[in-house]
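# Working through the structure, step by step
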Amino acid sequence: MDLAALEIFRTVVETGGITRAAERLHRVQSNVTTRIRQLEQALGVELFVRDGRRMVLTPAGQTLFDYACRILQLSEEAKHAVQPAHPHGRLRIASMESTAASRLPNVLAAYHQQWPDVELELVTLITSKALDAVRRFEVDCAFVAEPLGDTDLVSLPAFDEELVIVSSTSHRPIQSPEDIERATLLAFETGCNYRTRFEQWFGQCGRGMSRVIQLGSYHAIVTCAAAGIGIGIVPRSVLALYRNLPQIGIHPLGDTGRVTTVLTWHPSMAGAALLALADMLPDRAGTLDDTRAVA
């Protein structure tokens, strides 16, 4: 029973099956199946009850899962405790799509040039899913929007953003929720902090959006807003990326639109590679002593 086997076992449990576990681990399904069977043979117990495509933990499997999580966490802590100060290895980063597009390219390019021994991985997720990925140790850190809520994660201010409402050019100026003509919101899925911020602002008028169209990219949000399908909430920094910005109305949100993007991580994951990234953030001042646990 080695760490690799425990990692495969934990991933199968967390993803709910062999297929998704293989995708996450970048392994073929037959390899994952074989390693699970080898683990069961080594322990002399069945870890799963196989019901068609479903894999349900046996009592022995649940006991092993609890131990596996603790063992793998201790392994990560030991690795980071003994690693040299020089950044190296892999740094897995989750980020909101807006930050990945508008803020991170220059930061990561400079990071790669200064620390070529670090293998960077970047995945885009909405804030709630990025925080879940940090807590499950699927990524080492994440760029997300405040507020984070009650959490034991460490966070560091990274970028200041201004959110604006985008609409068709024919829409009247929007200064309050009452000015919105069509209560259709173009936004990312539930769990996006920008969407939540807008919905709280709109709720001041005593009603909610009559319809929410969930889209997977800011480009889709902007073009649908330009077509008059609804209104969207977008960071101004994303609009600045366009060479040929569609004809849209842009409506500032004032203080409601001011939001801070933070870099957040679990305290046990603060290795040299991650701290080197924190030191390269352009909008932060001072040293890492100003990091804080948000509670």
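For the structure, see preceding data.
Summarised in this report is the structure supplied together with it. In this text, all values refer to a predicted model and were calculated from it rather than measured experimentally.

Calculation rules
Residues numbered from 1 in each chain as written. Predicted model: local features only at pLDDT ≥ 70, side-chain atom pairs only at ≥ 80, totals over all residues. Heavy atoms only, no water. Phe/Tyr/Trp six-rings, centres within 6.5 Å; stacked < 30°, edge-to-face > 60°. Helix = DSSP H or I, 4+ residues; strand = E, 2+ residues; numbered from the N terminus. Buried < 20%, exposed > 50% of the residue type's maximum accessible area, 1.4 Å probe, protein only. Axes fitted to C-alpha atoms, helices over the stretch in contact; angles between N-to-C directions. Parallel < 35°, antiparallel > 145°, perpendicular 65-115°, else oblique. Left-handed = near helix turned anticlockwise from the far one by under 90°. Contact = heavy atoms within 4.5 Å. Nonpolar A, V, L, I, M, F, W, Y, C, P; charged D, E, K, R; others polar.

This part takes up the packing of aromatic side chains. Counted by the stated rule, this structure contains 6 aromatic pairs. With 6.5 Å between their ring centres and 70° between their planes, Phe 9 and Phe 65 make a pair best called edge-to-face. On the criterion of sequence distance, the pair formed by Phe 9 in helix α1 (residues 3-15) and Phe 65 in helix α4 (residues 59-82) is long-range, its members being 56 residues apart. Judged by centre distance (6.1 Å) and plane angle (15°), the ring pair of Phe 198 and Phe 202 falls under stacked. Of the two residues, Phe 198 and Phe 202 are both situated in helix α8 (residues 193-202); the distance of 4 residues between them amounts to about one turn of the helix. With a relative accessible area of 1%, Phe 198 lands in the buried category.

Turning our attention to the packing of helix α6 (residues 104-114) against helix α11 (residues 272-279). Orientation of α6 relative to α11, taken along the N-to-C sense of each, is 130°, at an axis distance of 10 Å. Classified by the interaxial angle, the pair formed by α6 and α11 is oblique. In terms of crossing hand, the pair formed by α6 and α11 is right-handed. Along the contact surface, α6 presents Val 107, Leu 108 and Tyr 111, while α11 presents Ala 273, Ala 276 and Leu 277. Here the residues of the contact of α6 with α11 sort into 6 nonpolar, no polar and no charged.

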